[in-house]
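# Chains, contacts and geometry: an overview
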Amino acid sequence: METYRFDTKTESFTLDNPESTSSLYFPIAGEKGLKSCVTPTLSGDAKLDQNHFLLQPMSVEDLSNSRNIRSFWCRMKDGRVWCATGGSAESRYREAMGEGDEVTLSAGYMWQEMSRRWREGPLSAKVLSFVPVSEPQVECHRVIITNHSQEGVSFTSIAAIPIYGRSADNLRDHRHVTGLLHRMEILEKAVTVTPTLSFDERGHQKNHHTYYVCGVQGDGEAPEGFYPTVAEFVGEGGSFDAPNAVYGNLSGCKAGEIREGEEAACALRFKEITLQPGEAVEYLLFAGVCQEKKQIGSVLSNLGSGESVQKAYDETHLFWQEKVNIRIHTGDEKFNHFMRWVAFQPILRRIYGCSFLPHHDYGKGGRGYRDLWQDCLALLLLSPENVRELLYSNFGGVRMDGTNATIIGEKPGEFVADRNNICRVWMDHGLWPLLTTAQYIHQTGDVAFLLRENSYFKDQQACRGTAVDELFDFSKEPVQKTEAGEIYRGTILEHLLVQLITVFYEVGEHNHMRLRGADWNDALDMARERGESVAFTAAYAGNFEILGQLIEGLEKTGISSVELAEEILPLLVDNVALYEDIRGKVKLLQDYTESCKYTITGRKVSVPLTELKRSLCGKGKWIKDHIRKTELLTVGENRWFNSYYDNNGRAVEGLHGENLRMMLTGQVFTIMSGTATTEQISEICKSADAYLYEAKKGGYKLNTDFKELKTDLGRMFGFAYGHKENGAVFSHMTTMYGNALYQRGFAREGYKALNTLYQGASDFETSRIYPGIPEYFDGKGRGLYHYLTGAASWYLLTIVQEVFGIKGHLGAMVLEPRLLKEQFDEKGEAFISLGFGGKRFKITYQNPKKKDFGEYKISEVKVNGQAASFGGTEVLSVEQIAALDGCKVQEICVTLS
């Protein structure tokens, strides 16, 4: 079985015979603009957004089944035909018979190159595909055909990139009718498709986009003919994988003609050429979207030669390499390369969201609220200079009742009013903003960020999604107003407080936070009335402490109080008797949400930070004590925490008859939040290893097999066991499990979780994915929903902050390495290169005696060769970091003994 091989100097990798693996696809895109993907046969789609698909939308099943794909053909003078991209019916037949072409795929950040040698003929092809950073709305494909025979050969080349040119909704809905809108124009070097309308029965709009394919032979020579329509290219009775235009040697039409109301093939025919032995010819093909046709000329002017395409490729390659600016070195060279792809995945997720790759998870574009914050986690490590304003704008989506906008626009801080009568509330959404903000403040020392003021989001959804503001005016800006009609603005601290404290009071009959529409696990969506999430109640307990710690940081700057909206004050009471009183808590929350259903007074009250901190820490402590007393399960010799209550008010985990039920989520957050004691963590690990761990499937499964269609908890139990949220190894939660274990000092157990994920993903024979982490591994260990997962951000965060121990504390650099002895190289070294505090660092750990974590301690630290004073864990203060030369890499050498 073939597996990929990494280049020793770059991020790129090579894979032989990629066509023997189904469902492989690779992303090529710009930061903004076209979002494309390509397979080894150049299948895949391209789009700007949901309503502007350049190529026909494809799910993962379509990648190998669809014939409507990019293709490049060589028709020999003797009548033989070869598809240089491997998409012909003949190619597929020969591949199935084990007689296919010799094929090698190479790929790096946002580029793919296919090398194909015709088994039965004299030619070979190299096809480089990428989206230039200088032309972000254009796909570029460079095709080089070489004669490998001992004599001259003559052939004619034909390229086809069938344009779809409309909304993905029209793939089934009005497919034929929307084709009637097409207006095609054949230019000297291009075929353009300009639909007359953007078809939508809710209101048709005049179209302003032109879709096009253009190309040249050699250094700028125009095609000699065109097949603009599917009918002209495919022909009567033909198909895209055996087109009559190619096999019948049809000459095509000339520039200057037009076509109307037909599906577009956009095929270009180039003149016959003769290659002598060893000679090659180059073809440059471009497919894109523009709003003015003159932009096509600009593309050809800027990219219309081999030299200019090579320059654009070099620029693009360098651009993406600089984006991924974290490098690690351990004793496992393959893991070092693997991490370069993990570090790239958050960038891909930010560009493609959950909707625009063949494993499209949900939605029609954009990102979910949770994604806004988790994407920022990786940005804090890769590009922190842009995070402050992004974080700030995200807080504009918080409602005064602690919930948040669910319709998120394309621009930072753009949130859209929800016209649905009652919206879905995810009870975990208030968790992630604080985790991300705390990371930002500790990385930068910008504790003053907490005092910056922002508005609150307001639409007709009110009272945490249980009521409707019938007075809301959709024609007005969706922001919270005061009784005086003014926009209310509160500090970021207040926004965080509102998100955190409202969910504390929204409890069910067991005094845990209600599950509502779901938590992180979107598939727990059928327990709205009586469901409770013990797992995320524990997670919020940790957040109460985190916010208390940030308030301490604020106090150190001389701030002693903060102004809060007067409506919030009743929620700040620190009273254990109230915490135990379920009805009292619910009533208090109802009173609060009613007070901000329409407007608020706008009056603020000064609250001492010491009192605020006491209230928060008291609530966090109460939650932990409550969970320890009520949710610790014992089955035989194993113990762990129950994670949920279903819609019948029953604990989900433990023994149910003879069926043992365990879920990973509750264990992750009881550990991460500090709810689980050290002894209990050991017991949890033992139980998870016994009931959830399967190394061959990637590690820790999300749950055991409940053997029940639990319609009182969620749709996940309708999935086949071992898939998606029902018992798959779900990378995101497994990674957070590893992170939580590292945080609590269980480094070897955390390593086991992360390493098994890595081993599973890197075992190409089983996972069948390119380098990186999939969303989950199915029951056979195959990786699915590659590139989509938020696990990559958490994996990267864990490697940097927990394994290498590079953390911030209010802007100071802290070193707390938890590297295991097997992670050092043969010299006993491990290092990481990254940015911190606006400077570049290379931090090397030297472990000459190969001691294990728990055996070594930091004995010496040198900064740029000079011994540094080292007390505890802090290595460099904010002031020391600021004084360093920003033009060079700072070398920190840490001796472990």
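Structure: above.
What you are looking at is a predicted structure, and each value in this text was computed from that prediction instead of being measured.

Thresholds, definitions, all that
Residues numbered from 1 in each chain as written. Predicted model: local features only at pLDDT ≥ 70, side-chain atom pairs only at ≥ 80, totals over all residues. Heavy atoms only, no water. Phe/Tyr/Trp six-rings, centres within 6.5 Å; stacked < 30°, edge-to-face > 60°. Helix = DSSP H or I, 4+ residues; strand = E, 2+ residues; numbered from the N terminus. Buried < 20%, exposed > 50% of the residue type's maximum accessible area, 1.4 Å probe, protein only. Lys NZ or Arg CZ within 6 Å of the ring centre and 35° of its normal. Axes fitted to C-alpha atoms, helices over the stretch in contact; angles between N-to-C directions. Parallel < 35°, antiparallel > 145°, perpendicular 65-115°, else oblique. Left-handed = near helix turned anticlockwise from the far one by under 90°. Contact = heavy atoms within 4.5 Å. Nonpolar A, V, L, I, M, F, W, Y, C, P; charged D, E, K, R; others polar. Salt bridge = Lys/Arg side-chain N within 4 Å of Asp/Glu carboxyl O. Polar contact = N/O pair within 3.5 Å; in protein donor to acceptor, adjacent residues only side chain to side chain. Pairing = 2+ DSSP bridges. Core = buried A, V, L, I, M, F, W, Y, C linked by side-chain atoms within 4.5 Å.

This part takes up the packing of aromatic side chains. Scanning all chains against the criterion turns up 51 aromatic pairs. Here Tyr456 and Tyr488 contribute two aromatic rings whose centre-to-centre distance is 5.9 Å and whose plane-to-plane angle is 25 degrees, an arrangement assigned as stacked. Pair noted here: Tyr456 is in the loop between strand 27 (453-455) and strand 28 (461-462) and Tyr488 is in the loop between strand 29 (467-468) and strand 30 (489-491), with a separation of 32 residues, a long-range link. Of the residues examined, Tyr456 reaches a relative accessible area of 0% and is grouped as buried. Here the aromatic residues Tyr4, Phe6, Phe13, Phe26, Tyr109, Phe319, Trp320, Trp341, Phe344, Phe764 and Tyr770 are joined through ring pairs into a cluster of three or more. Here the guanidinium or amino end of Lys724 rests over the ring plane of Tyr785, the centre of that ring lying 4.2 Å away.

The subject of this paragraph is the packing of helix 17 (residues 665-672) against helix 19 (residues 731-743). Two numbers describe a pair of packed helices, the interaxial angle and the distance between the axes. Contact geometry of helix 17 with helix 19 gives a least axis separation of 8 Å together with a crossing angle of 30 degrees. When the interaxial angle is binned, helix 17 and helix 19 end up roughly parallel. Crossing angle aside, the handedness with which helix 17 passes helix 19 is left-handed. Contacts between helix 17 and helix 19 involve Thr665, Val668, Phe669, Ile671 and Met672 from the first element and Met733, Met736, Tyr737, Asn739, Ala740, Leu741 and Gln743 from the second. Of the residues assigned to the contact of helix 17 with helix 19, the class counts are nine nonpolar, three polar and no charged.

With that out of the way, let us pick up the pattern of salt bridges. Taken as a whole, this structure holds 60 salt bridges when the rule is applied. A salt bridge links Glu545 to Lys624, with the shortest nitrogen-to-oxygen separation between them at 2.8 Å. Of this pair, Glu545 sits in helix 13 (residues 534-555) while Lys624 sits in helix 16 (residues 609-630), placing them 79 residues apart in sequence. The closest approach of N and O atoms between Lys710 and Asp646, which form a salt bridge, is 3.1 Å.

The next point concerns unusual backbone geometry. With a phi angle near 70 degrees, Ser23 is a residue other than glycine that sits in the positive phi range. As for its position among the elements, Ser23 is in the loop between strand 2 (13-16) and strand 3 (26-29). Residue Leu810 is not a glycine yet carries a positive backbone phi of 50 degrees. The topology assignment puts Leu810 in the loop between strand 44 (806-809) and strand 45 (812-815).

Take helix 22 (residues 791-803) next. Buried residues dominate helix 22, accounting for 13 of its 13 residues. Trailing helix 22 by a residue or two, Gly805 shows a phi angle of about 70 degrees, which is positive.

A separate point is the environment of Ser533. As for its position among the elements, Ser533 is in strand 31 (residues 532-533). Separated by 111 residues in the primary sequence, Ser533 and Tyr644 have C-alpha atoms spaced 4.7 Å apart. If near-sequence neighbours (up to four positions away) are discounted, Ser533 is found in contact with Met427, Met513, Arg514, Leu515, Asp519, Ser643 and Tyr644. Within the local environment of Ser533, its side chain forms a polar contact with the side chain of Asp519, the two groups lying 3.0 Å apart.

With that settled, the discussion passes to the sheet that holds strand 42 (residues 774-777). Overall, antiparallel pairing links the three strands, which are arranged 41-42-43 in an open sheet. Each edge of the open sheet carries a strand with a single partner, namely strand 41 (729-730) and strand 43 (783-786). In this sheet, strand 43 lies alongside strand 42 in antiparallel orientation, the contact comprising three bridges. In the sheet register, Pro774 faces strand 43, and the bridge partner there is His786.

A few words on the nonpolar core. Nonpolar side chains tend to gather and get buried jointly when the protein is soluble and globular. Residues Ile145, Phe155, Tyr737, Tyr795 and Ile843 are the most contacted members of the largest nonpolar core, which totals 252 residues. In terms of residue count, the dominant contributor to this core is helix 13 (12 residues). In this structure Tyr795 touches Phe335, Phe338, Met339, Val342, Thr735, Leu754, Asn755, Leu757, Tyr758 and Ile773, once residues within four positions along its chain are discounted.

Let us now look at the packing of helix 13 against helix 16. At a closest axis distance of 8 Å, the pairing of helix 13 and helix 16 adopts a crossing angle of 155 degrees. Overall, the two elements helix 13 and helix 16 adopt an arrangement that is roughly antiparallel. When you trace helix 13 past helix 16, the crossing you get is left-handed. For the pair helix 13 and helix 16, contact is made by Val534, Thr537, Ala538, Ala541, Phe544, Glu545, Leu547, Gly548, Ile551, Glu552, Leu554 and Glu555 and by Leu609, Thr610, Leu612, Lys613, Leu616, Lys619, Gly620, Ile623, Lys624 and Ile627, respectively. Across the contact of helix 13 with helix 16, the residue classes break down as 12 nonpolar, four polar and six charged.

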